[in-house]
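Residue strings, one per chain:
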Amino acid sequence: MENNSFILQMQGITKEFPGVKALDDVNLSVKEGTIHAICGENGAGKSTLMKVLSGVYPYGTYDGDIVYMGQVMKFKNIKESESAGIAIIHQELTMIPELSITENIFMGNEIIKKGMIDWAEEKRRTYEILKKVGLSINPDVLIKHLGVGQQQLVEIAKALSKNVKLLILDEPTSALNEADSENLLNLMIDLKNKGITCIMISHKLNEIAAVSDAVTVIRDGHTVESYDVEAGKVDEDKIIKAMVGRSIENRYPEHEPNIGEVIFEVKNWCVEDPDVEGRMVCKNASFNVRAGEIVGFAGLMGAGRTELMRSLFGRNYGIYRGGSIKIKGREVKLTSVESAIKNGLAYVPEDRKNLGLNLLDSIRKTVVAADLDKITKHGLLDINDEKKAAEEYRNSLKIKTSNVDAGVTTLSGGNQQKVVLSKWMFTEPDILILDEPTRGIDVGAKYEIYKLIHQLADDGKAVILVSSELPELLGMADRIYTIFEGTITGELESSEANQEGLMKRMTITSN
Amino acid sequence: MKYLKQVLGQDLRQYTMVVALAALIIIFNIISGGRMLTSSNFQNLISGNAYVLILALGMLMVIVIGQIDLSVGSVAGFAGMVMALVAKNYNVPWWVAVLIAIAIGILAGAWHGFFLAQLGIPGFITTLGGMMIFRGGVIWISHSISVPAPEQLKWFGAGYLPEWGPAFTGMNNSTLLLGIIGIVCYVVAQLRKYKHSGDGNGTKDPLWAVIVRIALMTLLIGYFTWLFGSGRVGTSFPVPGLILLLLTIVYHIITQRTKFGRHVYAVGGNKAAAALSGVNVKKTYFLTMVNMSLLASIAGILFVGRSTAAGPADGTSWEMDAIASVFIGGAAVSGGVGTILATIVGGLVMAVLNNGLMLMGVGADKTQVIKGFVLLAAVAFDVYNKKSGKSSIIGRVFGGNKKAAN
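Definitions and cut-offs
Residues numbered from 1 in each chain as written. Chains lettered and ligands numbered in written order. Predicted model: local features only at pLDDT ≥ 70, side-chain atom pairs only at ≥ 80, totals over all residues. Helix = DSSP H or I, 4+ residues; strand = E, 2+ residues; numbered from the N terminus. Rg over C-alpha atoms; globule rule 2.2 N^0.38 Å. Buried ≥ 20, exposed ≤ 12 C-beta atoms within 10 Å, placed from the backbone. Contact = placed C-beta atoms within 7 Å. Pairing = 2+ DSSP bridges. Axes fitted to C-alpha atoms, helices over the stretch in contact; angles between N-to-C directions. Core = buried A, V, L, I, M, F, W, Y, C linked by C-beta atoms within 7 Å. Domains from an automatic or database assignment. Parallel < 35°, antiparallel > 145°, perpendicular 65-115°, else oblique. Nonpolar A, V, L, I, M, F, W, Y, C, P; charged D, E, K, R; others polar. Expected span 1.5 Å × (residues − 1). Arc of directions from axis to C-beta. Left-handed = near helix turned anticlockwise from the far one by under 90°.

1. Topic: the overall build of chain A
Line of reasoning, step 1. Assigned secondary structure in chain A consists of 17 helices and 25 strands.
Line of reasoning, step 2. Its C-alpha atoms give chain A a radius of gyration of 25 Å, near enough to 24 Å, the size a compact globule of 511 residues would have.
Line of reasoning, step 3. Dimensions of chain A, computed from C-alpha atoms along their principal axes, come out at roughly 75 × 50 × 45 Å.
Line of reasoning, step 4. For chain A, the residues scored as buried account for 48% of the 511 residues in total.
Line of reasoning, step 5. Pairs at least 24 apart in sequence give 69% of the contacts found in chain A among residues at least 6 apart.

Written out as structure tokens, the structure reads:
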């Protein structure tokens, strides 16, 4: 094997979406036979870059060159990049659960003899490939009977069956437990020794530190840094600095907090993943929020922030495995969303379109949807009250619409979010959980939402602000908890916190 | 166009089927030489279709939650048969038999609701099973023989309202009273709405539009009152029609003005969002299925009353007519969309088609084919309109090109 020769060089890659420059002159050079880590915040452009590489975005829709094994490649689709030996293992697994391992591995690549599938040959080869990834199971087993870790290995085996030379792993361990993660990392080193180059996208700096030979940091669609490292001796702080390295501009309104008593207290909250048995998405989470306080929750995608909040909100997510909630000093059992609402909790979900709104409804019907009892008189809904409530919020939150009877889909993202906030303000909660309240909203609308959050805090409500944007948390929250892999890893007054300190707690487990 | 909108409201699309219904009635009336719009024909049309329309009321809610109920015909037949057998074999009063039939409807609904809500088995499968179970049950308990029904039930299934009061009105006075009540209710509702229409930030409806609206509706109700009331002496607006009317009002209020109704639309529109807003999704599924089978048993009772006997084939393929009515009324297959009133219009379109084709002497075979095409055309037209964002037939005829808000 030749040393120091590049298997892949992506040069000056620029990819634009309508209105957004997702990648701007990104360079990536990967040496043959190494493990190359790519780091960056959510939305930095890592996944877009990999989609350019694998042909999901075909040649011509981006600028720049992909030089692979010394040749400029012009992939039109995934099939072409695959036949060149590039394979991606996605975050979400893409196998068919009802089919066997063999069938999945040879899907679209079946070995045909006399017009029929040669099952004996397929099985023999599957068996061999499975051995390479350290799996010794019957190739006839259905995918759905495998654990997530094993499925991931089969996915890699599938890539190996196609003679892969460059393997891209997108957040490979995000759904795995610790033992499976370690197993996977060992496999990567094993593959490297067999001459297969790996690109690994990960938030887990300890994993990057353990296996990678080179690191590239991407931020806001630019390559920030790219350098060789020695596996096991990686400066994690340096990576963090490069990942965040952005200053807080004056994007947040001024606010003087007026903080009262603790009104929401969670102790030792534990939640199990409903899909993966034995995987805890929240481990002994304990925190508290005071009246009039804005408490931030910092964590990267998949850290368990949303899962924690949804399970607190009437056990809407996961399997409850212990822990207690105290509201205003009194212990409560919130076993349904309805009881959570009755006890003064409100949850604004991060996924507005799929969880926050019924897109078929009008603004008027949405505003009252979470507390219909309030407008019910003698068993009937009072439509005039409903209209009054909707008009009130339209005026106070400045929802831009000509008519509250208009459908919510006629609104912009920012105004839709205001409608969702109205819906929850209408329930007059004491504790508001806002999960990524400004995602996908333009800057102007963000400012208005920030002002609204301040106003809610000033009204004496406890506000929990979940966000993956660190500047937002530092600009808005009075106190910040960091969360990583379902565990609360730190608690900081926001006056003492900075992005590096937070990111460190959001990523590291190695020390 | 602007004036039309002020009278009928912003969303003219909802009137597409009303216009189609009116056109069908007029066309059939002309072709059949005036035999469509006669008292006896309309009395027959209503009492002969009331049971399917009652099923359609429940089916609308089932379809709005994103499910389907294939068992309603079998449940209706089963409930009717049990009622007839109980009355015949155990010598109980007729109303006890009726209550037993209704209880059977509720139990059947609880059975379907359990599998759908608790076990998460899709309604299509659950009720396909129910369809076979209850159809088989009817044949089993009846030994494939028709069973005579209590006499008193005939009044519910095909009866007329009493004659009373002076004769100078020239029509059945019960029907007249009904018509007057209808007009008064409409006027009161419109005036109340007018009074509140300026509240908040909304613009007040012009008074003339309200008056035109009231005048149009008064004419319409008045005409049908006369049509139903002026028939042969002893006939009136049929009793099953009255039952249908009352149920329609009740279910219109349930779906539009109660918490449960909102939950039905919320679950059908976005199940996950509904759950996060405090809606008990399982309970909503369960109650909707119970309600459907309850209505099925009522439909079965009315049908048995009308035909004076419960037969082993009663209710066969009623589910299809009910489902067709709901979709012609503009409900969405994916759930979350549809109204009781539009469903009734959809059901009446089917009923008028049946009736008109029969008057023209078209055989049942061809009627079936035509109904199939009408269903497809109605839904295709609706889907096409929604995709292209164009307005309804009315909108085009009157040259409007603005898309309605919803």
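2. Some remarks on the overall build of chain B
Line of reasoning, step 1. Helix and strand counts for chain B come out as 17 helices and two strands.
Line of reasoning, step 2. Its C-alpha atoms give chain B a radius of gyration of 22 Å, within 12% of the compact-globule value 22 Å for 406 residues.
Line of reasoning, step 3. Taken along its principal axes, the extent of the C-alpha atoms in chain B is 65 × 60 × 40 Å.
Line of reasoning, step 4. By residue count, 45% of the 406 residues in chain B fall in the buried class.
Line of reasoning, step 5. Sequence separation of 24 or more characterises 78% of the internal contacts of chain B that already satisfy a separation of 6 or more.

3. Details of the sheet that holds strand S15 (residues 294-298) of chain A
All names here are of chain A.
Line of reasoning, step 1. The strand order S19-S22-S23-S15-S24-S25 describes an open sheet built from six strands, whose pairing is mixed. Strands with a single pairing partner mark the edges of an open sheet, and in this sheet they are strand S19 (345-348) and strand S25 (487-493). With strand direction ignored, the average angle separating the axes of adjacent strands in the sheet is 20°.
Line of reasoning, step 2. Relative to strand S24 (residues 479-484), S15 runs parallel, the two sharing four bridges. Looking across to S24, one finds that valine 295 is bridged to arginine 479.

4. Quick notes on the sheet that holds strand S12 (residues 222-228) of chain A
Residues and elements named next belong to chain A.
Line of reasoning, step 1. Strand order in the open sheet formed by six strands is S6-S9-S10-S3-S11-S12, with mixed pairing between adjacent strands. Because the sheet does not close on itself, it has two edges, and the strands there are strand S6 (86-89) and S12. Each strand axis lies, on average, 15° off the axis of its neighbour in the sheet, ignoring direction.
Line of reasoning, step 2. Examined bridge by bridge, strand S3 (residues 35-39) and strand S10 (residues 197-201) share four bridges and lie parallel to one another. In the strand pairing of S10, isoleucine 35 is matched with cysteine 198.
Line of reasoning, step 3. On top of the sheet, helix H6 (residues 178-193) reaches S3, strand S9 (166-170) and S10; it is set at about 150° to S10, its chief contact.

5. Topic: the nonpolar core
Line of reasoning, step 1. Counting residues in each nonpolar core, the largest one holds 250 residues, and the members touching the most others are Ile453(A), Val463(A), Leu465(A), Leu55(B), Met59(B) and Met83(B).
Line of reasoning, step 2. For this core, the element with the highest residue contribution is helix H3 (residues 39-64) of chain B, accounting for 17 residues.
Line of reasoning, step 3. When residues no more than four places from it in sequence are discounted, the contact partners of Val463(A) are Ile294(A), Val295(A), Leu432(A), Leu434(A), Ile453(A), Leu456(A) and Ala457(A).

6. Observations regarding the domain arrangement of chain A
Line of reasoning, step 1. You can read the domains of chain A as domain 1 (6-244), domain 2 (249-344 + 429-511) and domain 3 (357-428).
Line of reasoning, step 2. One C-alpha centre belongs to domain 1 of chain A, the other to domain 3 of chain A, and the line joining them spans 45 Å.

7. Points about the packing of H3(B) against helix H13 (residues 281-307) of chain B
All names here are of chain B.
Line of reasoning, step 1. Interhelical geometry of H3 versus H13 gives an angle of 175° and a closest axis separation of 8 Å. By the criterion of interaxial angle, the relationship of H3 to H13 is roughly antiparallel. Seen from H3, the contacting residues are Ser47, Ala50, Tyr51, Ile54, Leu55, Leu57, Gly58, Met59, Met61 and Val62; seen from H13, they are Thr288, Met289, Asn291, Met292, Leu295, Ala296, Ile298, Ala299, Leu302, Phe303 and Arg306.
Line of reasoning, step 2. In terms of residue class, the contact of H3 with H13 is built from 16 nonpolar, four polar and one charged.

8. Comments concerning the environment of Asp205(B)
Line of reasoning, step 1. If you trace the backbone, Asp205(B) turns up in the loop between helix H8 (173-196) and helix H9 (207-229).
Line of reasoning, step 2. Given 17 C-beta atoms within 10 Å, Asp205(B) falls into the partly exposed group.

9. Description of helix H13 (residues 383-396) of chain A
All names here are of chain A.
Line of reasoning, step 1. Compared with the 20 Å implied by 1.5 Å per residue over 14 residues, the 20 Å span of H13 between its first and last C-alpha is a close match.
Line of reasoning, step 2. Within H13, the full set of buried residues consists of Lys387, Ala389, Ala390, Tyr393 and Arg394. Summarising the axial view, the buried residues of H13 lie within an arc of 160°, below the 170-degree limit, and thus occupy one face.
Line of reasoning, step 3. The elements touched by buried residues of H13 are helix H12 (363-367) and helix H14 (413-425).
Line of reasoning, step 4. Lysine 398 lies just past H13 and shows a positive phi near 55°.

10. Here we look at the interface of chain A and chain B
Line of reasoning, step 1. Each partner contributes to the interface: chain A provides 30 residues, whereas chain B provides 23 residues.
Line of reasoning, step 2. Contributions of two or more residues to the side of chain A that touches chain B are made by helix H10 (337-342), helix H11 (352-356), strand S21 (380-381) and H13 of chain A.
Line of reasoning, step 3. Per-element accounting of the side of chain A that touches chain B gives the leading share, four residues, to H13(A).

11. Here we look at the packing of helix H5 (residues 94-118) of chain B against H13(B)
Residue and element names in this part refer to chain B.
Line of reasoning, step 1. Closest axis-to-axis distance for the H5/H13 pair is 7 Å, and the angle between their directions is 150°. The orientation of H5 relative to H13 falls into the category roughly antiparallel. As H5 packs across H13, the resulting crossing turns out to be right-handed.
Line of reasoning, step 2. Residue composition of the contact of H5 with H13, by class: 18 nonpolar, nine polar and one charged.

12. Let's talk about the pairing of S6(A)
Residues and elements named next belong to chain A.
Line of reasoning, step 1. Alternating residues of S6 divide into Ile86 and Ile88 and Ala87 and Ile89, and every residue in both groups is buried.
Line of reasoning, step 2. Sheet analysis places S6 next to S9, joined by four bridges and oriented parallel. Among the inter-strand pairings, isoleucine 88 is bridged to a residue of S9, identified as isoleucine 168.

13. What to know about the environment of Gly70(A)
Residue and element names in this part refer to chain A.
Line of reasoning, step 1. Following the sequence through the fold, glycine 70 ends up in the loop between strand S4 (63-68) and strand S5 (71-73).
Line of reasoning, step 2. Residue classification places glycine 70 among the exposed positions, given that 9 C-beta atoms sit within 10 Å.
Line of reasoning, step 3. Glycine 70 sits 65 residues away from serine 5 along the chain, and the two C-alpha atoms are 9.5 Å apart.

14. Considerations on the pairing of strand S22 (residues 431-435) of chain A
Residues and elements named next belong to chain A.
Line of reasoning, step 1. In terms of burial, S22 is a largely internal element, five of the five residues being buried.
Line of reasoning, step 2. Of the two faces of S22, both are covered, the one formed by Ile431, Ile433 and Asp435 as well as the one formed by Leu432 and Leu434.
Line of reasoning, step 3. Pairing of S19 with S22 involves four bridges; the strand directions are parallel. Its bridge partner lying in S22, tyrosine 347 is registered against isoleucine 433.

15. Regarding helix H4 (residues 72-89) of chain B
Line of reasoning, step 1. Helix length check: H4(B) (18 residues) gives 25 Å between terminal C-alpha atoms against 26 Å at 1.5 Å per residue, within 8%.
Line of reasoning, step 2. Within H4(B), 15 of the 18 residues are buried, which leaves it mostly tucked inside the rest of the structure.

16. Overview of the environment of His255(A)
Residues and elements named next belong to chain A.
Line of reasoning, step 1. Here histidine 255 shows up in the loop between helix H8 (236-244) and strand S13 (262-272).
Line of reasoning, step 2. Taking the C-beta count within 10 Å as the criterion, histidine 255 has 17 such neighbours and is therefore assigned partly exposed.
Line of reasoning, step 3. Separated by 198 residues in the primary sequence, histidine 255 and isoleucine 453 place their C-alpha atoms 10 Å from one another.

17. Here we look at unusual backbone geometry
Line of reasoning, step 1. One non-glycine residue with positive phi stands out, namely Asn284(A), at about 45°.
Line of reasoning, step 2. If you trace the backbone, Asn284(A) turns up in strand S14 (residues 280-290).
Line of reasoning, step 3. Exposure remark for Asn284(A): the 15 C-beta atoms within 10 Å place this residue in the partly exposed category.
Line of reasoning, step 4. The phi angle at Asn91(B) is positive, at roughly 55°, despite the residue not being glycine.
Line of reasoning, step 5. Tracing the chain through its elements places Asn91(B) in the loop between H4 and H5.
Line of reasoning, step 6. The class of Asn91(B) is exposed, set by 7 C-beta atoms lying within 10 Å.

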